[in-house]
Amino acid sequence: MLNVAAQVAYGNLVKVYLSTLKDAKGQDLNKYTCAYYNNLLCLPFFMITFFIWGEQNSIVDKTTTISAWGWCIIIFTCACGYFLATTGFGLQKLVSATTFLVVNNMVKIANILLGMMFLNDRFTSSLAAFGCVVSLGAGVWYSYEQNKINQQPVPKESNSSDAEDDTKPSPGNKV
């Protein structure tokens, strides 16, 4: 439950900041700037966990044993992560925080399914499988309801100038 609360708080906080913060020139933050600050703000937490788990003791040994192909995979993974972050921030600017969280959760389910297909992952229980089905169903239901809302005709708003014109006498009418 803490993870869910943190995810909702993060999604809403990012949406608020994306729509209110400006850069030094007074322009909206772009998705690249947002990715930069997101990574910068994560560094302290990364460093804390790095030292808590004692990674500093083995980092030199591990990095010297990585092959050239391994470094290519690492660089490719970093590039994919960067593009994923920038497209995520771009999406967050376009949709509501709720829609973004639903998309985010649907992607997590897709990742589970890809892990099952390509990495031979298995559900640890039928309850876990049921949870994925419920999550997918909720995402589809949300999308269906949003689509219904978006397809409703937009009611015509009464123009305040039209209302004022009705109260003014016309040139041919006597008051």
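Relevant structure appears above.
A quick note: this is a predicted structure, and the numbers were derived from the prediction, not measured.

A.B. asks: Describe the environment of tyrosine 142, with residues and values.
C.D. replies: By the secondary structure assignment, tyrosine 142 is in helix H6 (residues 126-151). Linking tyrosine 142 and threonine 99, residues 43 residues apart in sequence, is a C-alpha distance of 8.4 Å. Not counting residues up to four positions away in its chain, the partners in contact with tyrosine 142 are Ser96, Thr98, Thr99 and Val102.

A.B. asks: For the pattern of salt bridges, give the residues involved together with the corresponding values.
C.D. replies: Scanning all chains against the criterion turns up one salt bridge. A salt bridge links lysine 148 to glutamate 145; the nearest nitrogen and oxygen atoms lie 3.5 Å apart. With a gap of three residues between them, lysine 148 and glutamate 145 both fall in helix H6, about one helical turn apart. Relative accessible area serves as the criterion here: at 41%, lysine 148 is assigned to the partly exposed category. What makes glutamate 145 partly exposed here is its relative accessible area of 29%.

A.B. asks: An account of the packing of aromatic side chains is needed here, citing residue identities and associated values.
C.D. replies: Under the definition given, this model contains five aromatic pairs. Ring centres of phenylalanine 46 and phenylalanine 50 lie 5.8 Å apart, and the angle between their planes is 35°; this geometry places the pair in the tilted category. Of the two residues, phenylalanine 46 and phenylalanine 50 are both situated in helix H2 (residues 31-52); the distance of four residues between them amounts to about one turn of the helix. Accessibility expressed as a relative area gives 45% for phenylalanine 46, which makes it partly exposed. An aromatic cluster of at least three residues, connected via ring pairs, comprises Tyr32, Tyr82 and Phe83.

A.B. asks: Would you mind going over unusual backbone geometry in detail, with residue names and values included?
C.D. replies: Phi is mostly negative for residues that are not glycine, and the peptide bonds are mostly trans. Located in the positive-phi region is asparagine 120, a residue other than glycine, with phi close to 60°. For asparagine 120, the position within the fold is in the loop between helix H5 (97-118) and H6.

A.B. asks: Tell me about the state of the cysteines, residues and numbers included.
C.D. replies: According to the stated counting rule, one finds zero disulfides in the structure shown. As a non-bridged cysteine, cysteine 80 has cysteine 78 as the owner of its nearest cysteine sulfur, 9.4 Å distant.

A.B. asks: Report on the nonpolar core, specifying residues and quantitative values.
C.D. replies: In terms of nonpolar packing, the biggest core is built from six residues, these being Val14, Leu18, Leu29, Cys34, Ala35 and Phe89. Elements supplying a minimum of two residues to this core: helix H1 (2-20) and H2. Excluding residues within four positions of it along the chain, cysteine 34 makes contact with Leu18, Leu29 and Phe89.

A.B. asks: Describe the side chain of threonine 99, with residues and values.
C.D. replies: Here threonine 99 shows up in helix H5. Residue classification places threonine 99 among the buried residues on the basis of a relative accessible area of 17%. With near-sequence residues (within four places) excluded, threonine 99 lies in contact with Tyr142 and Gln146.

A.B. asks: Break down the side chain of threonine 86 for me, with residues and values.
C.D. replies: Within the secondary structure, threonine 86 is located in helix H4 (residues 68-94). Using a relative accessible area of 2% as the deciding quantity, one classes threonine 86 as buried. Contacts of threonine 86, omitting those with residues within four sequence positions, involve Lys31, Tyr32 and Ala35.

A.B. asks: Outline H5, listing residues and values.
C.D. replies: Compared with an ideal rise of 1.5 Å per residue, which puts 22 residues at 32 Å, H5 spans 31 Å between its outermost C-alpha atoms and is within 8% of the ideal. Those residues of H5 not exposed but buried are Ala97, Thr99, Phe100, Leu101, Val102, Ile109 and Gly115. Buried-residue contacts for H5 involve H1, H4 and H6. Just downstream of H5 lies asparagine 120, where phi reads positive at about 60°.

Quick notes on the rules
- Residues numbered from 1 in each chain as written.
- Predicted model: local features only at pLDDT ≥ 70, side-chain atom pairs only at ≥ 80, totals over all residues.
- Heavy atoms only, no water.
- Helix = DSSP H or I, 4+ residues; strand = E, 2+ residues; numbered from the N terminus.
- Contact = heavy atoms within 4.5 Å.
- Salt bridge = Lys/Arg side-chain N within 4 Å of Asp/Glu carboxyl O.
- Buried < 20%, exposed > 50% of the residue type's maximum accessible area, 1.4 Å probe, protein only.
- Phe/Tyr/Trp six-rings, centres within 6.5 Å; stacked < 30°, edge-to-face > 60°.
- Disulfide = S-S within 2.5 Å.
- Core = buried A, V, L, I, M, F, W, Y, C linked by side-chain atoms within 4.5 Å.
- Expected span 1.5 Å × (residues − 1).

Don't take any of this as a statement about function, it's just geometry.
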